[in-house]
Structures are given as structure tokens and as C-alpha cells.
Amino acid sequence: MAANSTTTTSSFVSLQDVPVTFIAAAGAVGLLSVFFYSTLFSSRKGGIVDVGGVSSILTAWPFFTKRYDFLKSNFQKTGEAIFKFKVLHHTVVAIRGEEGRKAFFDNKSLSFSEGYKILMGAAPRLSDISMDHENIENVSWFNKQLTHLLNRRRLDEVLPTLLEDLDRQMSSWGTESTIDPFRNVYDLVFLMTVRMATCDELARDPAAIKHIQSLYWTLEKSATPTALLLPWLPVRANKNKEAATKELFGIFYSYIEKRREAKVPRSDAIDVLLADGLDNTAIVGFILGVVFAGVINTGINSCWALIFLCTNKEWRAKVQAEVNALIANHTNTTSSEPLHKRLATIPVSVWEDEMPCMDTVIRETLRIVLNGTTLRRTVLEDLGIKDKTVGKGAFLAYQLSDVHLNPDIYRDPLVFDPDRFGPGREEDKKGHYAFLGWGAGRHPCTGMKVAKLEIKVILALFIAGYDFDVVDSSGNFPTEFPKVNYNDIHQARPIGKPVFLKYKRVVE
């Protein structure tokens, strides 16, 4: 659940979603847009530069297909710290710089949930299938349930089962092979998320998990530009989204009913929510929220942390020593039990408080990888930023790379260098909100502790249980350091050639 605000819209788009007449019309409008662009690209005195052309759809299209490039290039073209464009009849204002950052994360007039309702992309809403509930889309309500459900006591209870789930899944890979971390490690994160949010019956059913995961990716891929920009069109993406949401609702509802009818309650998440008096629809809405908030960012950062450790021997040795010390100091080293059972005896407080090296690695991974776009909407009043005015009802977009990849804050920002956070450097303190990996201001990441724990558990199992390295498709160490594709907002796979993890299990 790292950084609660980066689940946005998919870069997946199919021309089958777009009628031929629309494509032809769009092409004609595109030629006109090129002709008139220099005329329309203007700013009134004291106003906000408008980068819109003749068609708001054509202007906004790359915002949904290549969002990182779209925002970066328009900031370069305008030379401004703020510009605007249209998404249909909605105004979107992109901002950068410290003053804009302060306003974005601190101003009480800005709504997180409203910011994502139109531009959010794949995350399902039960209202889309006529299953309204007064609390389901309330962020405060969701965060309250999450905080109650995932406190330290409950995490201590669930950790052994969590590690058992991971060992079972990782054992299915075999003792020696090559995996695609952006698929196989994602499988681990998805399994953990379902375990945290549902019940034992579901978490132990591989076929059900696989099916739910396929529905999840159907929803992610349904957020095409066509579906978002032309929501009234009966395109395949909208039909797929509705069908997948309905099916997910039915699956989760059935497991809730099983737990409601069980004679003996357990400490599973569903049981806890039932004991709190929540009805089935509210619990389904909560589960969907946890899954779509928790999978993408935790999956991305787990994958890249492993890759970064493979390419930095110094920090890999530090993390290795830290994990070894954790096992030596908090487990029975003479025990013949498998690794996952020994790790399960370590209290959550130790995972949280006694792993500074891994904390720093995770922090640096988030800084390099987590550079998507966060969204807000002005809901109370007009908002002033510098000498500009953002009108009530407008959407705000802030790209995290504005701070995380800023060379004035972080020296050699694309280099993996956890030492930048250490004494004498502390680059993350060079300005207001200079690190945004776990949210900030009025909307910090509620699931931060859980996300950190999940990433640490995955890294510890790899570090202590496997010899592993990053390789290319030929099985060799990559000739070029893998770089993040910031336009790939779902998995942040490397640009260009894929990379893999070659492994050999050395500890059972």
C-alpha cells in the first residue's frame, strides 16, 4: 500500500475500443490541433497557461497513455510551474515546485477521494454495479477500518500464516530456476493482500486466488483512455469492468456468508469486520479497497528492491548481515524447523524497529520507483498557488518525480544510493516534503506499516533462503542497469529488455 495515491489509469489501450468513425474524426481534429496549437497555447496575465488544443480529448489522450512524459514535456514547453488542460468538461491543473507541493498536500480544500473519481482508472466502485453504500467510498471510514484491522496485535497473529502462505507459493517455483519478478513476486504480494483482507478459506485456495487475480488485472486493463474519456460509449473496456466488478462482488460476498454462518469465529479479517457489525456489502467494498490500494505499489517496490540489491553488492551485504542478525538474535538457531517458521517467531515490533538497513533500502527504492501522479480536487473553495488561482471543482495533478528525481534535492537522482539518507547528507530533508514515498500532509499512507512489513518479509525470505541474481533473457547479468519505465503505472517494468531473477534455494 505504499503511497496511497499512485493507482491511477492504465496505459493499456486497444483500437477495438474505438469506433472507426471516431478514429477518422480524431485524425481530422488532430491536424487542426497541430495548426492552431501555437495560437491557443497562451496565458492571460495572472492566469494559468492552457496547453489545450481544439479537442480536449486529443490533448488529454497522452495524459492517460503516457502520463509521465505528458506532464514532463508540458512543464518543459511552458517553462511554468503550473499549467492546465481539459479532460472533457473537467479542468485539470498540473503543478510543480515547493509552493505547489505545500498547497497540494496541506490545503484542506482539496479532496483525495474526489480527485480520483473521474481520473482514477481501474479501482472498482460498487456504485458502478448499483450496489451503493453510504460508507464504502468514504476515505475516513476506510482508513478507520484499516487501522483497526491491521494493528500490531493482529499483525503478530497473522504473520505466521502469512509466512506459511509465502513459503507454499515460493516452493511451487522449484528449488532452482528463473522467474519474472514482475509476475511471480506480484503473486506473492497479491496472496498476502488477500490473506490480510479476507479469510483462511480463500487464502488457501490457489484456484480461487488465481481467478480473483485475473479479474483484478481485467479491471486494471479496463481503464483505457477510450473508456475514461468517452464513458458514454459502449466499449468493451466498460463492459469488462462491470462484469469483473460483479464477479468479484459475488466471490467475496460468498466467503463473507461462509464466515457469517460459521459456528466458531476466527481472527480472520472478515470475522473481525463481522464482529464490528458491518454488513456484507460494506465488507466487500472494504476488501476491494484494500486489494486495489495494496497490490500495485507493494508489488512494484518489492520487485525493484530485489533488483537494486542484485546490482549493489555493498547494500546487499548490509541487508544480508541484518537479516542474519535478526535470525540469530530472535529465533532458535538450533531448530530444525524450516526458515519460514523460524521467521514467524520474530515479533512484528522487531521487524519494524530493528531493520534500519532494510528500511533505508525500501526508502531509496520508493524514491527512485515511485514517481507516478497523485490527484486531488478542489471541493470547498478556489485555491491560490503563487499568483495563480485554481477554481473550485478543478482537478490537481502533482507528479512525484518533481521532488524524488530533482537533482537540486537528490544528487544523481537515478542512482540507487541509500547512503543519501544517512548522517551528513540527509538529502530528504532539503525542502518541504522532500520525500513523498508514504504520502504526506493531510493524506499520509494509512497502510504504510503493513506495506513495509510485507516488503521486508519478501526480502528476508529471498536473502536468507536463496542465492539469487538479476539476469537478462539469455541468463546473463544485464549489460545495462535496468531503468524504470515511469509510463508503466501498473508494474513499472524496466524500459526496453526485460530482466529476471535467477535463483537457487539454499535453506529450507
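Please read these numbers as outputs of a predicted model, since none were measured by experiment.

Regarding the overall build of the protein chain
What the protein chain contains, in helices and strands, is 20 helices and 13 strands. The burial tally for the protein chain puts 55% of its 508 residues in the buried class. For the protein chain, contacts bridging at least 24 residues in sequence account for 76% of all contacts bridging at least 6. Roughly 21,600 Å² of accessible area belongs to the protein chain as shown, and the carbon and sulfur atoms make up 53% of that amount.

Description of the pattern of salt bridges
Scanning the model with the defined rule gives 30 salt bridges in all. A salt bridge links Arg 259 to Glu 201; the nearest nitrogen and oxygen atoms lie 3.0 Å apart. In this pair, Arg 259 is assigned in helix α12 (residues 236-261) and Glu 201 in helix α9 (residues 200-203), connecting sequence segments 58 residues apart. In this structure Arg 259 comes out as buried when scored by relative accessible area, which is 5%. In this structure Glu 201 comes out as partly exposed when scored by relative accessible area, which is 29%. Residues Lys 388 and Asp 387 are paired through a salt bridge, measuring 4.0 Å at the closest nitrogen-oxygen approach. The exposure class assigned to Lys 388 is buried, which follows from its relative accessible area of 13%. Of the residues examined, Asp 387 reaches a relative accessible area of 54% and is grouped as exposed. Via salt bridges that share partners, Glu 164, Asp 165, Arg 168, Arg 195, Asp 200 and Arg 204 belong to a single interconnected network.

Focus: the side chain of Thr 331
Take Thr 331: it is sitting in the loop between α15 (313-330) and α16 (339-344). Of the polar contacts made by the side chain of Thr 331, one reaches the backbone oxygen of Ile 327; its length is 2.5 Å. Apart from residues no more than four positions distant in its own chain, Thr 331 is found in contact with Leu 326, Arg 342, Thr 345 and Ile 346.

Here we look at the sheet that holds strand β9 (residues 395-399)
Pairing in this open sheet of 6 strands is mixed, and the strands run β1-β2-β3-β9-β6-β4 from one edge to the other. Each of the sheet's edge strands pairs with one partner strand only, and the pair in question is β1 (49-50) and β4 (110-111). As defined by bridge partners, strand β2 (residues 82-87) adjoins strand β3 (residues 90-95) across 6 bridges and the pair is classed as antiparallel. For Ile 82, the partnering residue across the bridge sits in β3 and is Ile 95. Sheet contacts for helix α3 (residues 67-78): β1, β2, β3, β6 (373-378) and β9; angle to β2, the most-contacted strand, approximately 130°.

Some remarks on the packing of aromatic side chains
Under the criterion given, the structure shown has 29 aromatic pairs. Look at Phe 105 and Tyr 433: their rings are 5.9 Å apart centre to centre, the planes differ by 75°, and that puts the pair in the edge-to-face class. Taken together, the residues span a long stretch of sequence, with Phe 105 in helix α4 (residues 98-106) and Tyr 433 in the loop between α19 (401-404) and β10 (439-440) at a distance of 328 residues. Judged by relative accessible area, Tyr 433 falls into the partly exposed class, the value being 23%. Here the aromatic rings of Tyr 216 and Phe 292 are separated by 4.7 Å at their centres, their planes lie at 40°, and the arrangement is tilted.

Remarks on the sheet that holds strand β5 (residues 176-179)
Taken in spatial order, the 3 strands make up an open sheet running β5-β13-β12, and their pairing is antiparallel. Single-partner strands in this sheet number two, and they are β5 and β12 (466-471). Each adjacent strand pair in this sheet contributes to an overall mean axis angle of 20°, direction not counted. Of the pairings in the sheet, the one linking β12 to strand β13 (residues 500-505) comprises 6 bridges and is antiparallel in character. Counterpart to Asp 469 in the pairing with β13 is Lys 502. Contacting β12 and β13, helix α14 (residues 280-310) runs over the sheet at an angle of about 90° to β12.

Re the confidence of the model for the protein chain
In the predicted model, the protein chain carries a mean pLDDT of 87, and 87% of its residues have values of at least 70. Per-residue pLDDT stays below 50 along residues 2-46; that stretch engages in 107 contacts with residues further than four places along the chain or on separate chains.

Some remarks on unusual backbone geometry
In the Ramachandran plot, Leu 88 falls in the positive-phi region, its phi being about 55° despite a non-glycine side chain. Residue Tyr 433 is not a glycine yet carries a positive backbone phi of 50°.

Considering empty space enclosed by the protein
Under the criterion given, the structure shown has 3 cavities of 30 Å³ or more. When its volume is computed, the largest cavity comes out at roughly 130 Å³. Ile 300, Val 369, Asn 371, Gly 372 and Ile 489 are the residues nearest the centre of the largest cavity, which is lined by 14 residues in total. Among the residues making up the lining of the largest cavity, the classes are represented as 8 nonpolar, 5 polar and 1 charged.

Quick notes on the rules
- Residues numbered from 1 in each chain as written.
- Predicted model: local features only at pLDDT ≥ 70, side-chain atom pairs only at ≥ 80, totals over all residues.
- Heavy atoms only, no water.
- Helix = DSSP H or I, 4+ residues; strand = E, 2+ residues; numbered from the N terminus.
- Buried < 20%, exposed > 50% of the residue type's maximum accessible area, 1.4 Å probe, protein only.
- Contact = heavy atoms within 4.5 Å.
- Areas by Shrake-Rupley, 256 points an atom, 1.4 Å probe, with all protein chains shown as cover.
- Salt bridge = Lys/Arg side-chain N within 4 Å of Asp/Glu carboxyl O.
- Polar contact = N/O pair within 3.5 Å; in protein donor to acceptor, adjacent residues only side chain to side chain.
- Pairing = 2+ DSSP bridges.
- Axes fitted to C-alpha atoms, helices over the stretch in contact; angles between N-to-C directions.
- Phe/Tyr/Trp six-rings, centres within 6.5 Å; stacked < 30°, edge-to-face > 60°.
- pLDDT = per-residue confidence, 0-100.
- 1 Å grid on protein atoms, 1.4 Å probe; cavity = no way out; pocket = protein on both sides within 12 Å on 5 of 7 lines; lining within 4 Å.
- Points joined across faces, edges and corners; volume = space filled by probe spheres on them.
- Nonpolar A, V, L, I, M, F, W, Y, C, P; charged D, E, K, R; others polar.

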